[in-house]
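Fold and contact review
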Amino acid sequence: MHRAAALPISIAALLRACSTAGRAMAASTPFVPPPRELLRPLAVPYRLLLGPGPSNVSPRVRAAGGQQILGHMHPEVLQAMDEIKAGIQYAFQTRNRLTLAISGTGHCAMEAALLNLLEGSDTVLVGTNGIWGQRAADIARRLGAKVHELLKPPGEYFTLRDIQEGLAQHKPSLLFITHGESSTGVLQPLEGLGELCHRQGCLLLVDAVASLGGAPILMDQQGIDVLYTGSQKVLSAPPGSSPISFSERAREKMLRRKTKPPSFYLDMGCLASYWGCDGEPRMYHHTVPISSIFCLREALAMLVELAARLPTVTTVRVPEGYNWKDITTFLMDKHNIEISGGLGPTAGKVLRIGLMGHNATQDNVDLLLQALRDALQHCQHSRL
């Protein structure tokens, strides 16, 4: 009796109050009808994605993404994260303990690397021979760093002498270089860069979004201090998770920071704790994209099983007299095949063809070649 009298309101009264409030809200809220397009089933066509990324996802990886959602601190998810760390260490060929996957695309990993390593008026030297060097320089400037760009025309790479002269002139604390410059189709040689940087007291940051898994890269052996890639290229997983790894040199530089990184979400100290990279009990930081985690885990498992390393993005000069857009549109409309035009300095000049991971098969090469023959026969051709 005493316990019942202490209740502030009966359940029936509570339900009546909620009902009254609901009617009042409905009466005062503008009515927006359900969008008709959302009342139809989602229809996604099959397309053979032979552009520079994303690439098609294998049935095995798609199935992993369809698994039941679990909590972001459940032991099964933490185990998958540990397996991802081991898979990244294998793919990167590194024993770095600060190895994890950023919850975001390759741009997110680029920004995470730069904002954690740069502080105040630090000087960074950016190798720019395509759009990805341009993007890195843009991000670094927004962070307040002193940015110097080492420039090469599209289609060329940086020699050791180029890098040595840039380091001697600008004395940066960080060098950014793109391993697979997908806007121009250039593969940057990495041998000797790490040693050169370290002699000058400089860290080496490498973008391998378009190359990791398709062209050889040996992080520890090549003296790379920070390396990142994307999930949607050669790994053939859905976009949204980006493997990244930091050497002990890079980790020590971050520990010496006088100020916190300007992004909480991309703070590597917090992320390292969440991913269990610091030997301490895990601390919650954010909710990782669970389905993407399962997909990335399975894609790395397939890489471990296959150890496939193939060229990833081929750039082909647009044939004289043709418009690149006519060719790509024809391939999409008539053959359901995606390839891309140039990007940045190669816009309008080349076609970019990606053969990555699950898509890197002879059958796909034959399909594309036949489709290109068809396009050249049917697309408008100017002889002027």
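Everything numeric here is computed off the predicted structure, so don't read it as measured data.

**Considering the overall build of the protein**
Looking only at helices and strands, the protein has 13 helices and 14 strands in total. In terms of overall dimensions, the protein has a C-alpha envelope of 90 × 60 × 45 Å along the principal axes. Within the protein, contacts between residues separated by at least 24 positions form 72% of all contacts whose residues are at least 6 apart in sequence. Of the roughly 20000 Å² of accessible surface on the protein, 57% is carried by carbon and sulfur atoms. Taking the 37 positively charged and 32 negatively charged side chains of the protein as two groups, their mean positions are separated by 6 Å.

**Side note on the packing of helix 5 (residues 106-117) against helix 6 (residues 131-142)**
Running from N to C, helix 5 and helix 6 point in directions that differ by 45°, and their axes come no closer than 10 Å. In terms of orientation, helix 5 lies oblique with respect to helix 6. As helix 5 runs across helix 6, the sense of the crossing is right-handed. Two secondary-structure elements touch here, helix 5 through H107, M110, E111 and L114 and helix 6 through W132, R135, A136, I139 and A140. Within the contact of helix 5 with helix 6, the residues separate by chemical class into six nonpolar, one polar and two charged.

**Concerning the packing of aromatic side chains**
The description of an aromatic ring pair rests on the distance of the ring centres and on the angle between the ring planes. Applying the stated criterion across every chain, the model contains one aromatic pair. On the basis of an interplanar angle of 70° and a centroid distance of 6.5 Å, the ring pair of Y274 and Y284 is categorised as edge-to-face. Taken together, the positions of Y274 in helix 10 (residues 268-274) and Y284 in the loop between helix 10 and helix 11 (290-306) put the pair 10 residues apart, joining distant regions of the chain. In this structure Y274 comes out as buried when scored by relative accessible area, which is 0%.

**Some thoughts on the nonpolar core**
Of all hydrophobic cores here, the largest spans 76 residues; its most connected members are L100, I102, I163, F246 and W275. Those residues in contact with I163 that lie beyond four places of it in its chain are L150, F158, L175, I177, L193 and L196.

**Some details on the confidence of the model for the protein**
On average, residues of the protein score 92 in pLDDT, and 92% of them are at 70 or above. Contacts of residues 1-5 to residues separated by more than four positions or lying in other chains number zero contacts, the stretch itself having pLDDT below 50.

Parameters and conventions
Residues numbered from 1 in each chain as written. Predicted model: local features only at pLDDT ≥ 70, side-chain atom pairs only at ≥ 80, totals over all residues. Heavy atoms only, no water. Helix = DSSP H or I, 4+ residues; strand = E, 2+ residues; numbered from the N terminus. Contact = heavy atoms within 4.5 Å. Areas by Shrake-Rupley, 256 points an atom, 1.4 Å probe, with all protein chains shown as cover. Lys, Arg positive; Asp, Glu negative; His and termini not counted. Charge placed at Lys NZ, Arg CZ, Asp CG, Glu CD. Axes fitted to C-alpha atoms, helices over the stretch in contact; angles between N-to-C directions. Parallel < 35°, antiparallel > 145°, perpendicular 65-115°, else oblique. Left-handed = near helix turned anticlockwise from the far one by under 90°. Nonpolar A, V, L, I, M, F, W, Y, C, P; charged D, E, K, R; others polar. Phe/Tyr/Trp six-rings, centres within 6.5 Å; stacked < 30°, edge-to-face > 60°. Buried < 20%, exposed > 50% of the residue type's maximum accessible area, 1.4 Å probe, protein only. Core = buried A, V, L, I, M, F, W, Y, C linked by side-chain atoms within 4.5 Å. pLDDT = per-residue confidence, 0-100.

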